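Report on the structure
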Amino acid sequence: MGAYLVRRFGLMLLTLFGISVIIFVMLRLVPGNIVDILFDSAGMVNPADKARIEAELGLDRSLPVQYATWIGGLLHGDLGFSYVSEKSAWDEIAPRIPVSARLAGTALLFAMAIGIPLGVISAVRQNTALDYLLRVMSLSGLSVPSFWLGLLVLMGFVALFGTMPIYTQSPRGLGEAVLLVLVPAATVGFRSSALIMRLTRSAMLEVLRQDYIRTAHAKGAWPRAVNYRHALRNAMLPVVTVIGMEAAFLAGGLIVTETVFNIPGLARFLVESIRNRDYPIVQNLVMLIAFLVVTINFTVDLLYAALDPRIRVGG
Amino acid sequence: MLHLFKRLAVLSRLARKYPLGAAGAVIMTLFVAAALLADAISPFSPLTTNPALSLARPGGLHLFGADVMGRDILSRILHGARISLAVGIFSTLIGGVFGVIIGIASGFIGGWFDLVVQRLTDILQALPVLVLALVMSAALGPSLPNTILAISIPLIPYVSRVIRANTLGLRELAFVEAAEATGMTRWRIAIRHILPNTLAPLIVISTAQLGSTILTEASLSFLGLGVPEPYPSWGRMLSDSAAEYMRTAPWLVIFPGLAISLAVFGTNMLGDALRDILDPRQRT
Amino acid sequence: MSRWATLSLAATLLVTSAAVAQTPKSGGIMRAWQRDSPGSASIHEEATYSTNFPFMGVFSNLVLYKQDVAQNSMDSIVPELATSWSWSADNKDLTFKTRAGVKWHDGKPFTANDVKCTFDKVRDLTPDKFRKNPRKAWYSNVRDITVQGDNEVTFHLERPQPALLALLASGYSPVYPCHASAQVQRTAPIGTGPFKFVSFKQNESITLARNPDYWKPGRPFLDGIEYTIVTNRSTAVLGFIAGKFDMTFPLEITPPILRDVHAQAPAAQCVTAPLNVSTNLIVNRDKPPFDNADVRRAMALTIDRKAFVAILSEGEADIGGTMLPGPEGVWGMSKEMLATMTGYGPDIAANRAQARKIMEGLGYGPNKMLKVKISTRNIATYRDPAVILIDHLKEIFIEGELDVVETSVWFAKLARKDYAAGLNLTGNAVDDPDQAFYENYSCGSERNVTGYCNKDLEKAFDAQSQETDPAKRKAMVWEIDRQLQNDIARPIILHDRKATCTGPALKGYTQMVNSVYNGYRFDELWLDR
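All values reported here derive from a predicted model rather than from experimental measurement.

Description of the overall build of chain B
Secondary structure assignment for chain B yields 11 helices and 0 strands. Counting helices and strands in the order they occur from the N terminus, chain B gives α-α-α-α-α-α-α-α-α-α-α. Projecting the C-alpha coordinates of chain B onto the three principal axes gives extents of approximately 75 × 55 × 30 Å. When burial is assessed residue by residue, chain B has 57% of its 284 residues classed as buried. Here the contacts in chain B between residues at least 6 apart in sequence split such that 71% fall between residues at least 24 apart. Accessible surface, chain B: about 11,900 Å² in total, of which carbon and sulfur atoms supply 71%.

This is the structure:
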């Protein structure tokens, strides 16, 4: 187990290193750098000034030097400066973390609250009309673009209540603040709930087919108790895995939803920073996302190894 | 003639057994037809502007209404099917071809090659697809081919993972071992035996990915980084109208979104059914 | 004068007089919608009113266009940090007496030397430099700036230029303190204005708070201003309708959205006005076949300006030359003169027939289309007219393909002259010919993206600039403008018009009608809540 841990940890670092190289190189391929963007807002370009600012920002140095500066700083906890706001990158990123985390957390809770029970029902009632209905619903959940869903929700809110939950400074009242989290979270979570429901259903079906459940039924145990107590518990492992992965991959859904609802979170900041060619922000944000994914993967693997004796630890 | 009847009989049996899949197939057929015949069936040109029709309501000659420049929405959606389908098919194809080559090679050659490929796959999979596609399309610049490329690259590791596992499974099988025993070269075994047996999982994963590539394109275009004007991309249509006319002309938001959802829904239903038919082990 | 123009002017006057009639109340935070995250807080370094709107309140100018007069003109300039000004007899020295006892937001005293520091920095003479300096050219005629004691400063000019005062009266010309670096002004600016800078969160918000030591006694009325950045216009307007904002971003409401606002928020006050931004066609004069003046002429002839106006602004926008047309614009030429210019005639069919003849003469026709990329920025206000332009070019055997250029590389591309034809937007910060002509049409100017260069006309630019008699100057300006259009220097398609809406509680805001850069000091604004 110890050796496995060490090896697994090593691979994790290797992956993060790879991501850092890829993101660094890709950003340098992007046409137009931050200085072009700066000049864009001035409506002109002055080559002499451009060169001066590039030197000021260290963009004139060779790529390996720039890369080493970034990684060296990162290892010391120094993320560099945002080119746009001229504040430290950490000061820009930190206040946005809780905003996105709250949204993602609520979305995940919502997804589980909907996805798991419906998945179980769908599996238990396999091939009934209800099952088909739920399956169509979950498929549509995976098909509807979340930004469109968000727009529809906004349009619906305005049609019904004449107002809507969008972020502005100092929201008035607790109700509005709660709405501001719940509505976007439900929009993002809808897709995850569909995914979780599908997986719960197939995991449940798998387990329901197995011998001990049949035995339990044969022994005359109350069917509902069998379904929930025995089957669900055993089906949870793959479901937990997916929930873990989904937590990290919610980033995709957050990007568009934060844009639609005007939420000042990390995901929208990433898009804006890519547009602004604000390398320090983009690099560090991407590393943060990759770090989350890799850590969750790692934890899920460990959980698996600990919980399921069938898994060979050597793998 | 008899042959045809037989085929139809098989199809109708399948459709009865997999009603959702059949519905998906119908939607997909309509979608492909719209894309191929867009020029013939569109009531208007998707690009011609007309001041008199600016923000025309749905109904009459313009079934889905017109956008701010008086361009017919139905015609733009029909032509938009081309963009979505082109992005969907080509990025799935590129992702699929490279994924298969890399997956088979990795599973078959093994050793250090496999190790390197596995690590690269890890790296590419450590980022959500949309994040990776976002950075890539920014790096490449907005255009149709670049969007396809930006979406297909994150796809490669997903395909190669599945194909590699499949290849490893096949290597253990009796007929491959038999072929090795008769002295067939590894490349011939790969092409004669492994590749054909890769088809089923490839079809399953490709249909599943087709829907998500369409969604990714729509999201990228919505964020302004995907397929640029004047191509009537559904995501782009949505992003412009969402910014301006969400309230005054909601049909500009509703119809393109419906088109995206329906197309993805079709591929998802078809994908589910194909998986059940071709790969019974993974049934849901 | 369009009917709407008359109405909106009348509305502006009404709003203004109504505001004067009530006694202003002090207190309250104004909440405003900000359309995007400005590049920085430093007005001198930016060239979009996305910076002026939230940050003009932090600063004071030497002189400023009077904030409650809708039309900027030489007659509406009032003193701010200056108490008076005077021209020397040869009209080459402009001397300001400056206000005593004014304090910067950090408590340090303001002196005339701060004025010198500011404009020397704009003229690129100080060691601490701006990152970008888009309006350096405005002061190219300034030979030197001298200070006499703490309360007097003189601008010495190479030649007489009455318009210098207009440039100094723009929202683009705040006075910065000597003791604050360019970097400080970009991130946490220090001024002498009615509001102090509190915070600027990228893509999120900007907050200003009342300056208790403001030099104008009893002002400002507001306790502070909160700007929320909302990039999606629909969402922002919904927020306004729902009462989350007291004010929309200025001149950002298009006609269809305006109808919605009227229907949903009848208490809101909305004023439609020109932005003094022109939508124009740019053609690269060095790139064949566009080096041929006839091809450029044909392109100008096929433009159906009325169709552009109808689609892009539901008929609201104005047709004019380089200078903003009247009644809002001070320097726009008469309708009669306008109709005589190339492509401005009412008979579009005849114009196009003439254009087709030109193209046929050059060997083009329905079977031999001239293929060209029409470059434009990846922003709706650029893309939409470009799509219409392509439609119109088709009429004269030119097959345009839209080349959408990412905003990040647009100006670099124009500067390299790496385009054949394109669609561009040009904004005028001050409704004055000096700014418009030198910036966009003088040989070698950074913003002269078409490379149009006419030495004779440049002499005419100088002549009108030195003219002190307004009537004579106007005649000279009309003549120059006409020649620019007939030379197809940069065919002006339209001057757009949009609306600003304010909520029922906000009082004392006047929408300026011939510039979007100058009207946001906000020291007279108050809330009736």
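From this point, the narrative continues.
Focus on the packing of helix H2 (residues 19-41) of chain B against helix H11 (residues 251-278) of chain B
All names here are of chain B. Contact geometry of H2 with H11 gives a least axis separation of 7 Å together with a crossing angle of 135°. Here H2 lies oblique to H11, going by the angle between them. Between H2 and H11 lies a crossing of left-handed hand. Facing H2, whose interface residues are Leu 20, Gly 21, Ala 23, Gly 24, Ala 25, Ile 27, Met 28 and Phe 31, H11 presents Leu 262, Ala 263, Phe 265, Gly 266, Thr 267, Met 269, Leu 270 and Ala 273.

What to know about the interface of chain B and chain A
Facing the 46 residues of chain B at the interface are 49 residues of chain A. Across the chain B/chain A interface, buried area totals approximately 4,000 Å², and carbon plus sulfur atoms make up 79% of it. Taken together, chain B and chain A are joined by 1 salt bridge. Between Arg198(A) and Asp272(B) there is a salt bridge, with the nearest N and O atoms lying 3.0 Å from each other. The element best represented in the side of chain B that touches chain A is H11(B), accounting for 13 residues.

Thoughts on the sheet that holds strand S15 (residues 492-502) of chain C
All names here are of chain C. Taken together, 5 strands build an open sheet; the order of strands is S13-S12-S14-S11-S15 and the sheet is mixed. Only two strands of the sheet have a single neighbouring strand rather than two, namely strand S13 (398-405) and S15. Averaged over all pairs of adjacent strands, the angle between their axes in this sheet comes to 30°, without regard to strand direction.

A few points about the interface of chain A and chain C
Facing 45 residues of chain A, the contacting portion of chain C comprises 43 residues. A combined buried area of about 3,800 Å² lies between chain A and chain C, and 48% of that area is made up of carbon and sulfur atoms. Scanning the region where chain A abuts chain C turns up 3 salt bridges. Note that Arg186(C) and Glu86(A) form a salt bridge whose closest N and O atoms lie 2.5 Å from each other. Run the count over chain A and chain C and you get 10 residue pairs in polar contact (both at pLDDT 80 or more).

Side note on the sheet that holds strand S10 (residues 224-229) of chain C
All names here are of chain C. Read across the open sheet, the 4 strands follow the order S1-S10-S9-S8; overall the sheet is mixed. Single-partner strands in this sheet number two, and they are strand S1 (29-34) and strand S8 (195-201). Adjacent strand axes in the sheet meet at a mean angle of 15°, parallel and antiparallel pairs treated alike. Note that S1 and S10 share 6 bridges and pair parallel.

A word on the packing of aromatic side chains
Taken as a whole and assessed by the stated rule, the structure comprises 35 aromatic pairs over all chains. Judged by centre distance (6.0 Å) and plane angle (80°), the ring pair of Tyr67(A) and Trp70(A) falls under edge-to-face. With Tyr67(A) and Trp70(A) both in helix H4 (residues 63-75) and 3 residues apart, this pair spans about one turn of that helix. With relative accessibility at 17%, the residue Tyr67(A) sits in the buried group. On the numbers, 5.8 Å between centres and 80° between planes, the contact of Phe96(C) with Phe155(C) is edge-to-face. With Phe96(C) in strand S5 (residues 93-98) and Phe155(C) in strand S7 (residues 152-157), this pair connects stretches of sequence that are 59 residues apart. Just as Phe96(C) is buried, Phe155(C) falls in that class too. Taking NZ or CZ as reference, Arg135(C) lies 3.4 Å from the ring centre of Tyr172(C), over its face. In this structure, Arg305(C) is placed above the aromatic ring of Tyr344(C), and the distance from its NZ or CZ to the ring centre is 3.7 Å.

What counts and what doesn't
- Just so you know, the residues in each chain are numbered from 1, in the order the chain's sequence is written.
- All chains are assigned letters beginning with A, and all ligands numbers beginning with 1, in the order in which they are written.
- Note on the predicted model: pLDDT of at least 70 is required for a residue's local features to be given, and 80 or more for side-chain atom pairs to be given and counted; whole-chain, interface and lining totals, by contrast, use all residues.
- The basis for every side-chain value is the complete set of heavy atoms in the structure, and neither hydrogens nor water enter the calculation.
- The helix and strand labels rest on DSSP assignments: H or I over at least four residues marks a helix, E over at least two residues marks a strand, and numbering proceeds from the N terminus.
- Relative accessibility under 20% of the residue-type maximum defines a buried residue, over 50% an exposed one, and the middle range a partly exposed one, all with a 1.4 Å probe and only protein chains included.
- In this description, contact between two residues means that some pair of their heavy atoms is separated by no more than 4.5 Å.
- The Shrake-Rupley method, run with a 1.4 Å probe, gives the accessible areas here. Residue values count only the displayed protein chains as cover.
- Here an axis means a line fitted to C-alpha atoms, over the contact stretch when the element is a helix, while the angle between two N-to-C directions is reported on a 0 to 180 degree scale.
- Roughly parallel means an angle under 35 degrees; roughly antiparallel means over 145; roughly perpendicular covers 65 to 115; every other angle is labelled oblique.
- Each crossing gets its handedness from the near helix: less than a right angle anticlockwise from the far helix is left-handed, clockwise is right-handed.
- We define buried area as the total accessible area lost by two parts upon association, computed with a 1.4 Å probe and summed across both.
- The salt bridge criterion pairs a side-chain nitrogen of Lys or Arg with a carboxyl oxygen of Asp or Glu, the two atoms within 4 Å.
- Strand pairing is assigned whenever DSSP detects at least two bridges linking the two strands.
- Polar contacts here mean pairs of N or O atoms no more than 3.5 Å apart (in protein, one a potential hydrogen donor and the other a potential acceptor; neighbouring residues in sequence count only if both atoms are side-chain atoms).
- Paired rings are identified among Phe, Tyr and Trp, the last through its six-membered ring, by centres lying within 6.5 Å, and are further divided according to the angle between planes into stacked (under 30 degrees), edge-to-face (over 60) and tilted (the rest).
- Only lysine NZ and arginine CZ atoms are considered, and such an atom sits over a ring when it is within 6 Å of the ring centre and within 35 degrees of the ring normal.

On their own, these measurements won't tell you what the molecule is for.
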